[in-house]
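Take a look at the letters that make up each chain.
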Amino acid sequence: MTEPIDIPPPGQRQELSCDVAVVGGGTAGTMAAITAAEMGASVLLLDKAHVRHSGALAMGMDGVNNAVIPGKATPEDYVAEITRANEGIINQRTVYQTASRGYEMVRRLEQYGVKFAKDAHGDYDVRRVHRSGSYVLPMPEGKDIKKVLYRVLRQRSIRERVRIENRVMPVRVLTAAGRAVGVAGFNTRTGEFVTVSAGAVILATGACGRLGLPASGYLYGTYENPTNAGDGHAMAYHAGAELSGLECFQINPLIKDYNGPACAYVANPFGGYQVNHRGERFVDCDYWSGQMMAEVAREIASARGPIYLKLTHLPEETISALEGILHTTERPTRGTFHAGRGHDYRTHDVEMHISEIGLCGGHSSSGVWVDENAVTTVPGLYAAGDLACVPHNYMIGAFVFGDLAGANASEFARGPGAAGPAGPDAGPASLPEDQIGAAHELIYRPLRNPDGPPQAQVEYKLRRFVNDYVAPPKTQARLAIALETFGRMTAEIARMGARTPHELMRCAEVTFIRDCAELAARASLGRTESRWGLYHDRADHPERDDAEWFWHLNIRRGADGNPELLKRPVGTYIVPVSEFEVPVRDPGEVVLIAGPPVPGRGRLGGCRPAAAATSARPPQILELLRLAEMQPSVPQLEPYLADSDARVRRAAIAALTETAPPGAGRALAQAAGDDNGTVRHAAVAGLRELVAVLPADDEALLDSLRRRLGSPDPVVRSAVLDLLREMRAADAGPFAAALSDADHRVRLRAVSGLVSTGEARLVAGAAADRSREVRVAVADGLAALAAELTETGQANAREALERLAGDPDVLVRAAAFKAAGALGCPPPLDTLAARALRRAAVAWEVRAGAAQALAAASPAIAVRPLVAAVSDPHANVRKAAVTALAPMRAYPGAAEALHAAASDGDADVRAYARYAVDGGRG
Amino acid sequence: MVERLTRLADGRPVDLEYIRVRGDRVVLHGEVSRGASDDLLSAPLPAIEQEFIMPLVETRADVPVTIDASLCVEGCTLCVDICPLDSLAISPDSGKAYMHVDECWYCGPCAARCPTGAVTVNMPYLLR
Ligand SMILES: Cc1cc2nc3c(=O)[nH]c(=O)nc-3n(C[C@H](O)[C@H](O)[C@H](O)COP(=O)(O)OP(=O)(O)OC[C@H]3O[C@@H](n4cnc5c(N)ncnc54)[C@H](O)[C@@H]3O)c2cc1C
Ligand code: SF4
Ligand code: SF4
């Protein structure tokens, strides 16, 4: 990859064939490959990176953004919410798939071993993050999700049908008689030319993340994984497929410069929130949308900017717990970034900014036009994930549409009339040599001018122009300059120079970025109205124009080879949404829009395999790494687990966890007794990771776990308690015993265990614990058990909370009051709460808790102090008071107080008061 | 910069008046010297007047990821195999991993998966 190469003749190539070719092995692509294989298709999974750590999930994810879990939300709620977020322009049939199949997908992933947050009752712990809708399902061990998928791909039954080709990058979809018949690409390490003949092709190449230039100026410092350069968008377009909503950009509020999510929704339940420079909450919009981004952008630019994620007010323990999540998952280098500037959540609120623009179905709605079966407008071509236009689809939507694409493509490829390789003995179908030649030219052209401008400079310039002329606010004049500029840059891109296969990859990506930039500018120019807040803010057409524009805006390659824009009717809603009236139109009605002339496109032209990799003496670690590639059994790994070198033992544990062979649990439980601390910790981390797939009825495993409760290492003891709880493999016994552990972390786990086994009395008994954290956990635990308490349990809980309400520690008192609310706020807790709320000297956390308690108390006691609290100096107390007062608005004084709060300085208080006044949803 | 060249690559002595390097422009001027060989004596003297462009910029970058060669296991390629941007490579000289291009999403699997802890992600300089 670092060695210069020559151009290979087009005929000298690797020829592969399969039923279903999947381009991109990220979230959607791996699921597509697994489903297609399960349906009997032979699958080729091509990724320009390595499937194990590729795509948006390269380092995992900390939660599902959009899970519709029965009992927590309905598919109809979700479809209505996304319809609002997307201002009506939506094909509800696609979104309904994500809404109705998401739950099944969560269950499937759980079977594979992915862990989702559960509450004390073992139900999915769905959180409400934005003011409407409860769809966020945290994934406490989400860093391992790609590892789990990769493990499934390598199970024998799947492995026999799915061939993975890492570092192979398709650049064009090949078509014959208008249908997809394969792909052409190259190996980004060796430079070898590759063609694939396939019965169906699934594109799952993710977002176009390298469209705008990040404010840092660093080409790869993008919000999206920069591997995703818009490859699939360009491939779909050139294959003749329609794309839709390319004017509806993706823009996110992110940690400034770091450009990764601050994960406000991870921080939210811990008490973190977004503020402007004056410390005020300012977001009025209730759901994630372009409207919300417009508010954020406005606030940053105003005298009240910049904006921050506020965390400095949180106590030390909370901050360290938060760091434990934010610095290990999704974007684990967040910690390195802050430390590099000498910043710390304890001393510095996190400055936020908005990201560069991108094209992404997952976060907004731009992408390849698909129906509810992931079918594009080109027969045999499917699209899924961030690449497809299924609004706000996120991770679960990528899995759902990956699954749909896999199933439908496999049926198409193997069904009657399939054009692809019919069976094992059929030779590869003949592929269109002219298209192969064009793809060859596109790939290898830069080798002909090794001294041409290098990719980094060309790409920088291209993307700076995207910022200058395509990013909102948009105007006709700027967009016209954009088109002229991208046309001119076609020639510069054709002169770009490269010497190595790696550079060829980057050069091909620049062509994709240019194509996406041009298509995005054309679509933005076409839609002569403003919609989706910041995403499509046309300064010269500031109003939404439903009469003219209640349409999808699609773009495709016209008969003359130039892009053509067309309006497609919005289909009848399956879930009516009161704000929008869908014009009745014939679904087949399509309106072509005349556009400006198109700048010319570049044309394209011949190599030697690169030098072999170096090899050297392999120590045990090398043997292990090789072994891990071959699904080793536990006996094969045993010698390494017993090695005298702790590094080897740790590597063996990593291999064991990575591949999870039968018996892995027992071996890990064994290793949890290691003399070396780092080995023990690796073993328990492995057990935690695998807990969903450990056999809960394996007595030998459980026995050896229980033995570890006697470990001298509190980390091991805590982990074992968690494991026993999660495997539901213990009665109250071990948890009760652990209440007297010397280490407070172990006692914390004991409390969780007792909560999950419903032992209210024992939980209440821990209210006198000497650790503040444990006492807080007791209060929270009693709240979780509230619904199922017996009479004596009630009495125990009330007594414990009374004691905790008088605790010397602020956070314990706050938690006690909050729990009192869950328990119905029985006397004397109600009078205690009323008293606490009235006293300004009491810490605001306690006052907020007291307001939450009073929400459940008798209005006779609650209304007066709550009304007074609506003008509390602290916004969080006001927010709690407003929420508590909402159901009591018929009582004297309540309605007036709520009315006044509707114009509070704090956006959250305003919103909740508004809901209360309207009696509206929320 | 002006330097004196005395021999061509094939060993023939030359009498170059000068090589001038200005910016990325290199100018050779002079003639091949008369050697002892008869052929050369009878042949007309080839004059040299050549100008070519040589890119001179050698970009030095502060790289986002560093690898402690003393910890890197020779023969291992794990981080090189998994980097999504394919920015790590094995040095043919040392057999150890290094970052061959400044292209990095600071995503971290290289550091997380290295069995010996040799890899450090320091973040790209531009956003540090
Ligand atoms: C930082 C971040 C945080 C997020 N947080 C959340 C969250 O908390 N919750 C949530 O629900 N969603 C979240 N999302 C969104 C979610 O992760 C994505 O919507 C989803 O993973 C998209 O899956 P995908 O398969 O479309 O793309 P990806 O998973 O990115 O996969 C694309 C794949 O295609 C490959 N590829 C690209 N081009 C080519 C080519 N030419 N040839 C071969 N291979 C190619 C890439 O290497 C990659 O493997 C987040 C996204 C990001 C970036
Ligand atoms: S993973 Fe670690 S040991 Fe292996 S090549 Fe990379 S730096 Fe070297
Ligand atoms: S941080 Fe990510 S992109 Fe950077 S070198 Fe490591 S694996 Fe590659």
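Residues numbered from 1 in each chain as written. Chains lettered and ligands numbered in written order. Predicted model: local features only at pLDDT ≥ 70, side-chain atom pairs only at ≥ 80, totals over all residues. Heavy atoms only, no water.

Considerations on the overall build of chain A
Then step 1. Within chain A, the regular secondary structure consists of 35 helices and 19 strands.
Then step 2. Scaling as 2.2 N^0.38, a compact globule of 922 residues should have a C-alpha radius of gyration of about 29 Å, and chain A matches this with 29 Å.
Then step 3. Counting only C-alpha atoms, chain A reaches 85 × 70 × 55 Å along its principal axes.
Then step 4. Relative to its 922 residues, chain A shows a buried fraction of 61%.
Then step 5. Here chain A contributes 100 positive and 107 negative side-chain charges, whose respective centroids are spaced 3 Å apart. (Helix = DSSP H or I, 4+ residues; strand = E, 2+ residues; numbered from the N terminus. Rg over C-alpha atoms; globule rule 2.2 N^0.38 Å. Buried < 20%, exposed > 50% of the residue type's maximum accessible area, 1.4 Å probe, protein only. Lys, Arg positive; Asp, Glu negative; His and termini not counted. Charge placed at Lys NZ, Arg CZ, Asp CG, Glu CD.)

Looking at the overall build of chain B
Then step 1. On a plain count of helices and strands, chain B comes out with three helices and eight strands.
Then step 2. The buried share among the 128 residues of chain B stands at 42%.

What to know about empty space enclosed by the protein
Residue and element names in this part refer to chain B.
Then step 1. Space inside the largest cavity adds up to approximately 120 Å³.
Then step 2. As for the largest cavity, its lining consists of 17 residues, and the residues nearest its centre are Cys83, Pro84, Cys104, Cys107 and Cys110.
Then step 3. Residues that form the lining of the largest cavity fall into these classes: 14 nonpolar, two polar and one charged. (1 Å grid on protein atoms, 1.4 Å probe; cavity = no way out; pocket = protein on both sides within 12 Å on 5 of 7 lines; lining within 4 Å. Points joined across faces, edges and corners; volume = space filled by probe spheres on them. Nonpolar A, V, L, I, M, F, W, Y, C, P; charged D, E, K, R; others polar.)

Let's talk about the pattern of salt bridges
Then step 1. Using the criterion set out here, one finds 71 salt bridges over all chains in the structure.
Then step 2. Residue Arg531 of chain A is joined to Glu529 of chain A by a salt bridge in which the shortest nitrogen-to-oxygen separation is 2.6 Å. Across the pair, Glu529 of chain A and Arg531 of chain A agree in class, each one buried.
Then step 3. The salt bridge involving Asp904 of chain A is made with Arg878 of chain A; its shortest N-O contact spans 2.8 Å. Residue Asp904 of chain A is found in the loop between helix H34 (894–901) and helix H35 (907–918), and its partner Arg878 of chain A is found in helix H33 (residues 875–885); the two are separated by 26 residues along the sequence. Comparing Asp904 of chain A with Arg878 of chain A, the two get one shared label, buried.
Then step 4. Among the charged side chains, a network of salt bridges with common partners joins Lys48, Arg210, Asp231, Glu459, Arg463, Arg506 and Glu509 of chain A together with Glu103 of chain B. (Salt bridge = Lys/Arg side-chain N within 4 Å of Asp/Glu carboxyl O.)

Some remarks on the packing of helix H25 (residues 744–756) of chain A against helix H27 (residues 772–785) of chain A
Relative orientation and spacing of two packed helices are given, respectively, by the angle between their axes and the distance between those axes.
All names here are of chain A.
Then step 1. Remark: H25 packs on H27, axes separated minimally by 10 Å, with the N-to-C direction vectors making an angle of 10°. Classified by the angle between their axes, H25 and H27 sit roughly parallel to one another. The residues of H27 that touch H25, namely those facing His744, Arg747, Leu748, Val751 and Val755, are Glu773, Val774, Ala777, Val778, Gly781, Ala784 and Leu785.
Then step 2. Taken together, the residues of the contact of H25 with H27 sort by class into eight nonpolar, two polar and two charged. (Axes fitted to C-alpha atoms, helices over the stretch in contact; angles between N-to-C directions. Parallel < 35°, antiparallel > 145°, perpendicular 65-115°, else oblique. Contact = heavy atoms within 4.5 Å.)

Some words on the site of ligand 2
Then step 1. Taken together, Ile67, Cys72, Val73, Cys76, Leu78, Cys79, Ala97, Cys114, Pro115, Thr116, Ala118 and Val119 of chain B make up all the residues around ligand 2.
Then step 2. When its residues are assigned to classes, the shell around ligand 2 shows eleven nonpolar, one polar and no charged. (Near = heavy atom within 4 Å.)

Considerations on the sheet that holds strand E3 (residues 63–64) of chain A
Residues and elements named next belong to chain A.
Then step 1. What the three strands build is an open sheet, ordered E3-E5-E4; its pairing is antiparallel. Of all the strands in the sheet, just E3 and strand E4 (127–128) have a single pairing partner and so form its edges.
Then step 2. As defined by bridge partners, E4 adjoins strand E5 (residues 134–138) across two bridges and the pair is classed as antiparallel. The residue bridging Arg127 from the neighbouring strand is Val136, located in E5. (Pairing = 2+ DSSP bridges.)

Details of the interface of chain A and chain B
Then step 1. With 46 residues of chain A at the interface, the matching set in chain B holds 37 residues.
Then step 2. Interface area, chain A with chain B, both sides summed: about 3500 Å², of which 62% is carbon and sulfur.
Then step 3. On the chain A side of the interface with chain B, the three residues burying the most area are His53, Tyr218 and Arg331 of chain A, jointly 17% of the side's total.
Then step 4. At the junction of chain A with chain B, the criterion picks out four salt bridges. (Buried area = accessible area lost by both parts, 1.4 Å probe.)

Concerning unusual backbone geometry
Residues and elements named next belong to chain A.
Then step 1. Following Gly305, the chain continues to Pro306 via a peptide bond in cis, the omega torsion being -10°.
Then step 2. By the secondary structure assignment, Pro306 is in the loop between helix H8 (290–301) and strand E13 (307–310).
Then step 3. In the segment running from Pro472 into Pro473, the intervening peptide bond is cis, with an omega of 0°.
Then step 4. Mapped onto the elements of the fold, Pro473 is located in the loop between helix H13 (455–469) and helix H14 (476–494).
Then step 5. A positive phi angle is found at Arg728, which is not glycine, with a value near 50°.
Then step 6. Tracing the backbone shows Arg728 in the loop between helix H23 (714–726) and helix H24 (732–738).

A few points about the domain arrangement of chain A
Then step 1. For chain A, the assigned domains are domain 1 (253–354), domain 2 (438–453 + 466–593) and domain 3 (624–730).
Then step 2. On a C-alpha basis, the centroid separation for the pair domain 2 of chain A and domain 3 of chain A is 51 Å. (Domains from an automatic or database assignment.)

What to know about the pairing of strand E9 (residues 193–203) of chain A
Residues and elements named next belong to chain A.
Then step 1. Along E9, eleven of the eleven residues are buried, which leaves the element largely enclosed by surrounding structure.
Then step 2. For strand E1 (residues 13–23) and E9, the ladder comprises ten bridges, and the chain directions are parallel. Directly across from Gln14, in E9, lies its bridge partner Val194.
Then step 3. Here five bridges tie strand E8 (residues 179–187) to E9, and the two strands are oriented antiparallel to one another. Looking at E9, one finds that Phe186 is bridged to Phe193.
Then step 4. Linking E8 back to E9 in an antiparallel pair, the connection comprises five residues, with Gly191 at a positive phi of about 85°.

Focus on the nonpolar core
The tendency in soluble globular proteins is for nonpolar side chains to be buried side by side.
All names here are of chain A.
Then step 1. With 212 residues, the main nonpolar core has Leu109, Val196 and Phe399 as its most contacted residues.
Then step 2. When residues in this core are grouped by element, the largest group, 14 residues, is from helix H15 (residues 501–526).
Then step 3. With sequence-adjacent residues up to four places away left out, Leu109 is seen in contact with Met31, Val114, Phe116, Leu149, Ile396 and Phe399.
Then step 4. Listed in part, the 109 residues of the second largest apolar core include Leu724, Leu837, Ala851 and Val870. (Core = buried A, V, L, I, M, F, W, Y, C linked by side-chain atoms within 4.5 Å.)

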